[in-house]
Structures are given as C-alpha cells and as structure tokens.
Amino acid sequence: MMSESLETVYSTTNAMEAEFIKMTLEGEGIRCLLENELQAGLTGIFEIKVDVMSSNVERARQIIDEIRESSESDEDSSAEE
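Conventions adopted
- For every chain, the first residue of the written sequence is number 1, and numbering continues from 1 along that sequence.
- For this predicted model, a pLDDT threshold of at least 70 governs which residues receive local features, and a threshold of 80 or more governs which side-chain atom pairs are given and counted, while totals over whole chains, interfaces and linings are taken from all residues.
- Only heavy atoms go into the side-chain values, all of them from the structure, while hydrogens and water stay out.
- In DSSP terms, a helix is any run of H or I states spanning at least four residues, a strand is any run of E spanning at least two, and both are numbered starting from the N terminus.
- By the convention used here, residues are in contact when the closest approach between their heavy atoms is within 4.5 Å.
- Here the Shrake-Rupley method, with its probe set to 1.4 Å, supplies the accessible areas, and only the displayed protein chains count as covering residues.
- As used here, the term nonpolar core means buried Ala, Val, Leu, Ile, Met, Phe, Trp, Tyr and Cys residues forming a set that is joined through side-chain atoms within 4.5 Å.
- Using a 1.4 Å probe on the protein chains alone, a residue whose accessible area is under 20% of its type maximum counts as buried, one over 50% counts as exposed, and one in between counts as partly exposed.
- A patch is a set of surface residues, each over 30% in relative accessible area and not in a salt bridge, joined within 9 Å for like charges and within 5 Å for the nonpolar side chains Val, Leu, Ile, Met, Phe, Trp and Tyr.
- What counts as a salt bridge is simple: a side-chain nitrogen of Lys or Arg found within 4 Å of a carboxyl oxygen of Asp or Glu.
- Two residue types count as positive, namely Lys and Arg, and two as negative, namely Asp and Glu; His and chain ends fall outside the count.
- Throughout, a charge is located at the NZ atom of Lys, the CZ atom of Arg, the CG atom of Asp or the CD atom of Glu.
- Polar contacts here mean pairs of N or O atoms no more than 3.5 Å apart (in protein, one a potential hydrogen donor and the other a potential acceptor; neighbouring residues in sequence count only if both atoms are side-chain atoms).

1. Here's the deal with the overall build of the protein
So, point 1. Along the backbone of the protein there are three helices and three strands.
So, point 2. Written out in order from the N terminus, the α and β elements of the protein read β-α-β-α-β-α.
So, point 3. Residue pairs at least 24 apart in sequence account for 65% of intrachain contacts in the protein once pairs closer than 6 positions are excluded.
So, point 4. When the accessible surface of the protein is summed, it comes to about 5800 Å², and 49% of that surface belongs to carbon and sulfur atoms.

Listed below in structure tokens is the structure:
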C-alpha cells in the first residue's frame, strides 16, 4: 500500500484567506495543513500554502473553486449597487 503525500492545492499571501479556506475544507471533512502560516502572517510577503492529502486533492480544488466563484459574484453584486 502506498503512503499518501501532502499536495498544495492553494497558495496566497493573505493569512485570513488561507485560514478561511482551511476552515471551509475542514468543514467538508478534508484535513489541511497551512505551510508558512506564521512567517506570512508577520510580513504578508511569503506565500501560505494550503496542503491536503493526495487522495483529497480533486475534491479540495472543487471546493476552493466554489469559494472563489462565490466571492467573485459577491464582489460583482456589490460593485453594481
């Protein structure tokens, strides 16, 4: 049996965005690890990487796409007001 590895499914310099994605994925039952969280939180320069187990990559990316689509449509609707 092959052991699973961690894969990065998202990266950002925004610590709050990374934390939100992590909480959303964990709410869907996908365990996550944030890489560089402490360094990035201090400077906003380093990328924070959201890592999941390789078996969860596809599902995690679908959820992240849904998050990004919904945040883009929220921005669009607020711009129209």
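2. Focus on unusual backbone geometry
Leaving glycine out, the prevailing phi sign among residues is negative, and the prevailing peptide bond configuration is trans.
So, point 1. Phi is positive for Asn36, close to 65°, though the residue is something other than glycine.
So, point 2. The residue Asn36 is located in the loop between strand S2 (32–35) and helix H2 (37–43) in this model.

3. Thoughts on the nonpolar core
So, point 1. In terms of nonpolar packing, the biggest core is built from 16 residues, with Val9, Ile21, Leu25, Val50 and Val52 touching the most fellow members.
So, point 2. Once you skip the residues sitting within four places of it in the chain, Val52 turns out to touch Ser5, Leu6, Glu7, Val9, Leu25, Ile30, Arg31, Cys32, Val57 and Ala60.

4. Some points on a negative patch on the surface
So, point 1. The grouping of Asp65, Glu66, Glu69, Glu72, Asp74, Glu75 and Asp76 at the surface amounts to a negative patch.
So, point 2. Here Asp74 lies in helix H3 (residues 57–80).

5. Observations concerning the environment of Thr24
So, point 1. Examined against the element boundaries, Thr24 turns out to sit in helix H1 (residues 15–27).
So, point 2. Overall, the relative accessible area of 24% leaves Thr24 in the partly exposed class.
So, point 3. Considered as a pair, Thr24 and Ile64 are 40 residues apart in the sequence and their alpha carbons are 8.6 Å apart.
So, point 4. With near-sequence residues (within four places) excluded, Thr24 lies in contact with Ile63 and Ile67.
So, point 5. At 2.9 Å, the side chain of Thr24 forms a polar contact with the backbone oxygen of Phe20.

Keep in mind these numbers describe shape, not what the thing actually does.
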